[in-house]
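# Per-entry structural report
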Amino acid sequence: MKQALTIAGSDSGGGAGIQADLKTMTAFGVYGASVITAITAQNTLGVQSFEAVSIDLVSKQLDSVLSDLDFAALKTGMLANSKIIKIVAEKVKEYKVNNLVVDPVMVATSGDILLAKEAITIIKDKLIPLAKIITPNLNEAKVLSGRRIDEKLSLEVLASELHKLGCEYVLVKGGHQKGDIAKDLLFDGVDFVEYTAKRVDTKDIHGTGCTLSAAIASNLALGYDIKEAIERSKRYITEAIKAGCKVGKGNNPVNHFTRVYSLE
Ligand SMILES: Nc1ncnc2c1ncn2[C@@H]1O[C@H](COP(=O)(O)OP(=O)(O)O)[C@@H](O)[C@H]1O
Ligand SMILES: Cc1ncc(COP(=O)(O)O)c(N)n1
């Protein structure tokens, strides 16, 4: 069975982070393992509190899984602080992991901060150069390229600037743009490829970024090339948003289509 690893934060509400990643990997038939970097007290209304896991325990989790399991792809989500980013980058190099997908999680959909400000230069210098692909949303792309959030910039300009950070591919997500189409843009340093879907008219988009990056990691693990992996992941996230999960009182998560098996 193909195996993938998520290095991310726990969302107690089950909609984003580690929980979304493992549900996505399971939906694609990939075995998912996890290294937890932070524990959030979170629900569909927002993030009420969080604590980062100690560097020692993050490091031990990484050694435990990387020395034993055989990962065909790895994704990172919420990394919380500079020290965690540094240890993740060291272990990725030490264990020579291929197919690193970096989702540079900074702020939750609810507006809560999930990454220390001083960690932004560390993620740019240490982790992004090791990545096969990075998947920032519009605001994360602006922060990473040193722009102001209120600047009007095209996905093309942002993708070109971010590619200079040393990753193989950049996928800038346009989920937070206005309009009828949810467009994401891939750049490999030469060509642009657009991935589009009809925008679903809903506020229930909690966990969309985590789900998309976990789906890309799953499909890379299954052996699809990057363009096919994104194409399949875009179809999955669109259907998962359409299906939705009305579980809480706030912005609800996407639906991972987990089947209920009868034991009879
Ligand atoms: N309302 C929507 N309808 C369809 N697709 C969407 C919608 N909102 C976001 N997406 C898609 O979900 C994925 C995650 O994007 P986005 O929500 O921008 O990321 P993040 O969760 O990191 O902020 C992208 O493929 C984006 O185009
Ligand atoms: C632990 C954790 N990781 C990531 C996100 C971002 O997800 P979203 O942007 O969909 O709120 C989150 N809310 N919580």
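Look above for the structure.
Since we're looking at a predicted model, the values are computed, not measured.

### Some remarks on the site of ligand 2
With respect to spatial proximity, 18 residues lie near ligand 2, and among them G9, A16, G17, A108 and T109 are the closest. Elements that contribute at least two residues to the shell around ligand 2 include exactly β1 (3-11), β2 (31-43) and α7 (208-221). Tallied by class, the residues present in the shell around ligand 2 amount to seven nonpolar, 10 polar and one charged.

### Observations regarding the packing of helix α1 (residues 17-27) against α7
For the pair α1 and α7, interaxial distance at closest approach is 8 Å and the crossing angle is 40 degrees. One way to sum up the angle between α1 and α7 is to call them oblique. Crossing geometry of α1 relative to α7 is assigned as right-handed. Across the interface between the two elements, G17, A20, D21, T24 and M25 of α1 pack against C210, T211, A214, A215 and S218 of α7. Per-class residue counts for the contact of α1 with α7 are five nonpolar, four polar and one charged.

### Describing the pairing of β1
By the criterion of burial, β1 is predominantly enclosed, with eight of the nine residues buried. Relative to β2, β1 runs parallel, the two sharing nine bridges. Note that in β2 the partner of D11 across the bridge is T40. Crossover β1 to β2 through α1 is right-handed. By the bridge criterion, five bridges tie β1 to strand β4 (residues 71-76) in an arrangement that is parallel.

### Comments concerning the site of ligand 1
Taken together, 19 residues surround ligand 1, and among them N137, G175, A182, V200 and G209 come closest. If you list the elements that add at least two residues to the shell around ligand 1, you get β8 (181-187), α7 and α8 (226-243). By residue number, the principal contributor to the shell around ligand 1 is α8, which donates four residues. Among the residues forming the shell around ligand 1, the class breakdown is seven nonpolar, eight polar and four charged.

Parameters and conventions
Residues numbered from 1 in each chain as written. Chains lettered and ligands numbered in written order. Predicted model: local features only at pLDDT ≥ 70, side-chain atom pairs only at ≥ 80, totals over all residues. Near = placed C-beta within 6 Å. Helix = DSSP H or I, 4+ residues; strand = E, 2+ residues; numbered from the N terminus. Nonpolar A, V, L, I, M, F, W, Y, C, P; charged D, E, K, R; others polar. Axes fitted to C-alpha atoms, helices over the stretch in contact; angles between N-to-C directions. Parallel < 35°, antiparallel > 145°, perpendicular 65-115°, else oblique. Left-handed = near helix turned anticlockwise from the far one by under 90°. Contact = placed C-beta atoms within 7 Å. Buried ≥ 20, exposed ≤ 12 C-beta atoms within 10 Å, placed from the backbone. Pairing = 2+ DSSP bridges. Right-handed = clockwise from strand over helix to strand, strands pointing away.

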